[in-house]
Amino acid sequence: MKLAVIGHGYVGLVTAAVFADLGNTVFCVGRTPQKIANLKKGILPFFEPGLEEVVKRNLQARRLSFTLSYEETVSEADIIFISVGTPSSASGEADLSSVFEATEKIAKNLRGFSLITCKSTVPVGTNREIAKILNKFKPKNASFEIASCPEFLREGTALYDTLNPDRIVIGVENRKARDMLLELHKPINGHFVITTIETAEVIKYAANTMLATKISFANAMAMFCEVAGADVEQVMEAIGLDQRIGRQFLSAGIGYGGSCFPKDVKALVAMARRYKTSDVLFSAVEEINKLAYLNFTKKIVKFFGSKLKGAKIGVLGLAFKPNTDDMRDAPSIPIINSLVGKGAKVVAFDPKAKENAQKSLPTISYVKSPYEAAQDAQALLILTEWNEFKQLDLEKIKKLLKKPVIFDGRNIYEPGKMKSLGFTYFGTGR
Ligand code: UGA
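Residues numbered from 1 in each chain as written. Predicted model: local features only at pLDDT ≥ 70, side-chain atom pairs only at ≥ 80, totals over all residues. Heavy atoms only, no water.

**Comments concerning the packing of helix 12 (residues 280-304) against helix 13 (residues 332-341)**
Helix-helix packing is described using two parameters, namely the angle between the two axes and the distance between the axes. Put simply, the rule is: Note on geometry: axes are C-alpha line fits, over the in-contact stretch for helices, and angles between N-to-C directions span 0 to 180 degrees. Strands are runs of DSSP state E lasting at least 2 residues, helices are runs of H or I lasting at least 4, and numbering of each runs from the N terminus. Should an angle fall under 35 degrees it is taken as roughly parallel, and over 145 as roughly antiparallel, whereas 65 to 115 is taken as roughly perpendicular and any remaining angle as oblique. Crossing handedness is defined as follows: a turn of the near helix away from the far one that is anticlockwise and smaller than a right angle gives a left-handed crossing, while the clockwise case is right-handed. Contact definition: two residues touch when any of their heavy atoms are within 4.5 Å. Under the grouping applied here, Gly and all other residues not named as nonpolar or charged are polar, the nonpolar ones being Ala, Val, Leu, Ile, Met, Phe, Trp, Tyr, Cys and Pro and the charged ones Asp, Glu, Lys and Arg.
Taken N-terminus to C-terminus, the directions of helix 12 and helix 13 make an angle of 30°; their axes are 9 Å apart at the nearest point. One way to sum up the angle between helix 12 and helix 13 is to call them roughly parallel. Like other packed secondary-structure pairs, helix 12 and helix 13 cross with a definite hand, here right-handed. For the pair helix 12 and helix 13, contact is made by Tyr293, Phe296, Thr297, Ile300 and Val301 and by Pro334, Ile335, Ser338 and Leu339, respectively. For the contact of helix 12 with helix 13, a count of residues per class yields 7 nonpolar, 2 polar and no charged.

Shown next, in the form of structure tokens:
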């Protein structure tokens, strides 16, 4: 099939690369000349394991191309994917300006029949708006169908998730649209959920909010365990053995970040309010997420008291999670800002996120290894659970630190072991 994918963020670029790799001809359309020029050379706008290789392979095979032009691509495509960003607006609602801007451009360039499929995470009713815009701006002789096909990939494992999805949700209004999307997804093994457009739109918010709810539950339990003298890791291990609950996404820490959970939970709160239905659970999920990083910061402030001013604090990990260079809504940002605001001198190491971190945290120092971050620091903070931090030479770290103090925001170490090594160790919820 011939596909046009509008947008080259995580969703757009991975979708374009995977469908090209499966043998389709894919035009990936962007609006930033520099990024498109780079993509043409195989230079990606973000780090994602394995993606560069797939992009380069398909560029070379001429199945994948990057362009600024809607004219030469949309008119050719059987299926057009909208996969542009829907960030939070000031009110918390999803900002749909990029979706509608792309839709208008698609409409003006439609020829014959095309299926317009929205992959961006959009509030209920957005696909109906997309259809209205298409009808308003399309040439008279062009026709279209709409579909909602939300994306469930995670950053860091995006290729694996796209090729091995738990489910493929297809929201459509008729058989023609359904059959086209089933045909396209044929080589991918996944459970298909065929549903209405509105239900598909809600499934995406429900999935992300359920996962965020599990994390906030773990974080609320962590705060409870800290005062009750229990170990949240063992509590989650035990309850996770119940198959009705499951262990995944119950790791307590400093809160969820990234470009999805924070904005999607906010958008669901805004939607619930707009429909005048209860947002109480969704708002609580958001509130507890803030408490998670505030609770972590409070422990550090309490430990140092007035000595935080001028203290050197080493930080391991800045990205919102491992295997990505993404700093969007990373909990490391408010934690570090708060410590810097109280006079601490922060020296940080992250294996991939330094460049992006420098934009959000311009005043702190960056070093090239975990050991350099520990050098002469009064305490070491673990803010992202990169694998390379899990088996550090802890004797060396202890010697390098001015005081052997570790605040572990991701529970990568065992409290008993750390104590026996002579560390003053603060885990999260244990
Ligand atoms: C999330 C979803 O997992 C994907 O299914 C979805 O497609 C994507 O959002 C999206 O809507 O585009 P992602 O944001 O890449 O994917 O990252 P996750 O792996 O879900 O992690 C999100 C945050 O939750 C991270 O900050 C992570 O540290 C935190 N987390 C995760 C925890 O604090 N505890 C856990 O147990 C799991």
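Having seen the model, we can carry on.
**What about the site of the ligand?**
Defined as follows: Any residue with a non-hydrogen atom lying within 4 Å of a molecule or strand is treated as near it. Throughout this description, a polar contact denotes any pair of N or O atoms lying within 3.5 Å of each other; where both atoms belong to protein, one of them has to be capable of donating a hydrogen while the other can accept it, and for residues adjacent in sequence the pair is counted only when both atoms sit in side chains. Here the Shrake-Rupley method, with its probe set to 1.4 Å, supplies the accessible areas, and only the displayed protein chains count as covering residues.
Within the structure, the ligand sits among 20 residues, and Phe152, Leu153, Glu155, Lys204 and Asn208 are positioned closest to it. Measuring from an oxygen atom of the ligand, one finds a backbone N or O atom of leucine 250 at 3.4 Å. With the chains in place, 91% of the 710 Å² that the ligand exposes on its own is no longer accessible. Of all the elements in the fold, those that place two or more residues in the shell around the ligand are helix 9 (197-228) and helix 11 (261-274). Here the shell around the ligand takes 4 residues from helix 9, the largest share from any one element. A per-class count over the shell around the ligand returns 10 nonpolar, 3 polar and 7 charged.

**What about the environment of asparagine 411?**
Topologically, asparagine 411 is positioned in the loop between strand 13 (405-408) and helix 17 (415-420). The residues touching asparagine 411, leaving out its near neighbours within four places in the chain, are Val232, Glu233, Ala252, Tyr425, Gly427, Thr428 and Arg430. Reaching out from asparagine 411, the side chain makes a polar contact with the side chain of glutamate 233 at a distance of 3.1 Å. Within polar-contact distance, the side chain of asparagine 411 engages the backbone nitrogen of threonine 428 at 2.8 Å.

**Details of the packing of helix 9 against helix 10 (residues 232-240)**
Direction vectors running N to C along helix 9 and helix 10 enclose 135°, while the axes themselves pass 9 Å from each other. Between helix 9 and helix 10, the crossing angle belongs to the class labelled oblique. Two packed elements cross with a definite hand, and for helix 9 against helix 10 that hand is right-handed. The residues of helix 10 that touch helix 9, namely those facing Phe217, Ala218, Met221, Ala222 and Cys225, are Val232, Val235, Met236 and Ile239.

**Side note on unusual backbone geometry**
The bulk of non-glycine residues show a negative phi, and the bulk of peptide bonds are trans. Unlike most non-glycine residues, phenylalanine 249 shows phi in positive territory, near 65°. Relative to the helices and strands, phenylalanine 249 resides in the loop between helix 10 and helix 11. The phi torsion at asparagine 411 lies on the positive side, around 50°, for a residue other than glycine.

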